[in-house]
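Structural overview
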Amino acid sequence: FVSRLTRETLALVMAGGRGTRLRNLTQHRAKPAVPFGGKFRIIDFPLSNCINSGIRRIAVLTQYKSHSLIRHIQMGWGFLRGEFNEFVELFPAQQRVDETSWYAGTADAVFQNIDILLSHAPRYILVLAGDHIYKMNYADMYNLLIEKQADAIVGAIETPLADAHRFGVIAVDEDRRILSFDEKPEKPMHIPGDPTQAFVSMGIYLFRTDVVREQLIRDAKEGTKHDFGKNIIPRMINECRVYAYKFQDENKKAVNYWRDIGTLDAYWEANMDLVAVDPQFNLYDQHWPIRTYQGQFPPAKFVFAQDFQGGRMGVALDSIVCGGCIISGGRVQNSVLSPHVRVHDHADVRESVVMENV
């Protein structure tokens, strides 16, 4: 049943963000194309979630500095078969509606491609952010949509009430029907029955196509921000049946893992999460694999074992070391080495994220 629903779904991955708070990391590429965890790109995580959830019709909407992202998608995500109506398509901003404007917001990005989207005749549209790290089975959202006869489902995660003001906060009733949606409120509403937690939006939306189509056409005629979180969802709450889906982590850990790595500090911390002895985010789960493009690098190599005072010893401890790396008489600890990194004699690399070819 769920498989039939996912086959009737088109996933839209919003991948046009500038990511300016990541500074130099986004100087030449969009945020979803930023390397993460050694060999991955950030966008690999929502794309892998789609494939693992049975969703094989995916559109990636790009805009700013998209060359690196487009190249990665073409090289690493071209394995789906078009004759089976499976694809990962790229939708670059191309001024389809107005010859003077690019995408003005997430809702506008979808509206500008509405004719292409409808040509695929999806019954459901799944809108995803392209810059978050998490594992999630989107098929579970369909169960809730059918059970509640809802028009839209919003992915939500529990967050301590004291931190909720940094996110879009969702107020729900005891049946988890959404009562209000407020962007970064000063006084967030807590979850019914738990005054210490709040529901915050994950930027994941599942819509019935016919319902969201009417909302997008209407929004395009008005002077709004043309944003799902700021405009479309708040209006749908008043006019439609909109429910919150409580995030269920496929990461199989005690604590639900979802990270918006929008700053350098958050980026570094999320990478450091991976090198712990028992990492919060599990990259080694064969039941929920994360796919990516992999360059043709040889295995990592560690050379020199002169274990005496002043000698050379190539060693890596509590670290991720990708293919093509050579640790030549240096020490690496609590770090992530991207592909084709060289660590030379007596170099001491600790608590670092080292990019490719360094």
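As the structure is a prediction and not an experimental result, all values here were calculated from the model. Per chain, the residues get numbers from 1 upward, laid out in the order the sequence is written. This being a predicted model, a pLDDT of at least 70 is required before a residue's local features are given, and a value of 80 or more before pairs of side-chain atoms are given or counted; all residues contribute to the totals for chains, interfaces and linings. Side-chain measures here rest on the full set of heavy atoms in the structure, leaving out hydrogens and waters.

For every residue, the accessible area obtained with a 1.4 Å probe (protein chains only) is divided by the maximum for its type, and the residue is called buried under 20%, exposed over 50%, and partly exposed between those limits. Per the convention used, a helix needs a DSSP run of H or I reaching at least four residues, while a strand needs a run of E reaching at least two, with both numbered from the N terminus. Summarising burial for strand β4 (residues 57–62): six of the six residues are buried, a large majority. The alternating pattern of β4 places Arg57, Ala59 and Leu61 on one face and Ile58, Val60 and Thr62 on the opposite face, and all of these are buried. Both strand β1 (residues 9–14) and β4 contribute to a ladder of four bridges, which runs parallel. From the neighbouring strand, Met14 faces β4, where its bridge partner is Leu61. Pairing between strands is defined by DSSP: at least two bridges between the two strands are required. By the bridge criterion, six bridges tie β4 to strand β5 (residues 87–92) in an arrangement that is parallel. Residue pairing in the sheet places Val60 in a bridge with Leu90 of β5.

Moving on, we get to helix α8 (residues 228–239). Of all the positions in α8, only Phe228, Gly229, Asn231, Ile232, Ile233, Arg235, Met236 and Ile237 are classed as buried. Pairing of N or O atoms within 3.5 Å defines a polar contact, subject to two protein rules: one partner must be a possible hydrogen donor and the other a possible acceptor, and residues neighboring in sequence count only if both atoms are side-chain atoms. Of the residues flanking the start of α8, the one acting as N-cap is Asp227, its side-chain oxygen 2.9 Å from the backbone nitrogen of Gly229.

This brings us to the packing of aromatic side chains. Stacked, edge-to-face and tilted labels apply to pairs of Phe, Tyr and Trp rings (six-membered ring for Trp) whose centres lie within 6.5 Å, assigned for plane angles under 30 degrees, over 60, and everything in between, in that order. Per the stated rule, a full pass over the model turns up twelve aromatic pairs. By definition here, charges over rings are those cases where NZ of Lys or CZ of Arg is within 6 Å of the ring centre and within 35 degrees of the ring normal. It is Arg18 that lies over the ring of Tyr64; its NZ or CZ is 3.8 Å from the centre. It is Arg312 that lies over the ring of Phe304; its NZ or CZ is 3.7 Å from the centre.

To continue, consider the pairing of strand β12 (residues 242–246). Here β12 lies mainly inside the structure; four of its five residues are buried. The pairing of strand β8 (residues 152–160) with β12 spans five bridges and is parallel. Note on β12: the bridge partner recorded for Ile153 is Tyr243.

This brings us to the nonpolar core. Counting 42 residues, the largest nonpolar core has Leu126, Tyr134, Met136, Tyr138, Ile153 and Ile204 as the members making the most contacts within it. With five residues, the single largest contributor to this core is strand β11 (residues 197–208). Contacts: residue pairs with any heavy atoms within 4.5 Å of one another. Residue contacts for Tyr138: discarding those within four places in its chain leaves Pro46, Asn49, Cys50, Ser53, Ile55, Leu126, Leu128 and Ile204. Among buried residues, those of type Ala, Val, Leu, Ile, Met, Phe, Trp, Tyr and Cys that are joined through side-chain atoms within 4.5 Å constitute a nonpolar core.

Everything listed here is a matter of geometry and, on its own, says nothing about what the molecule does.
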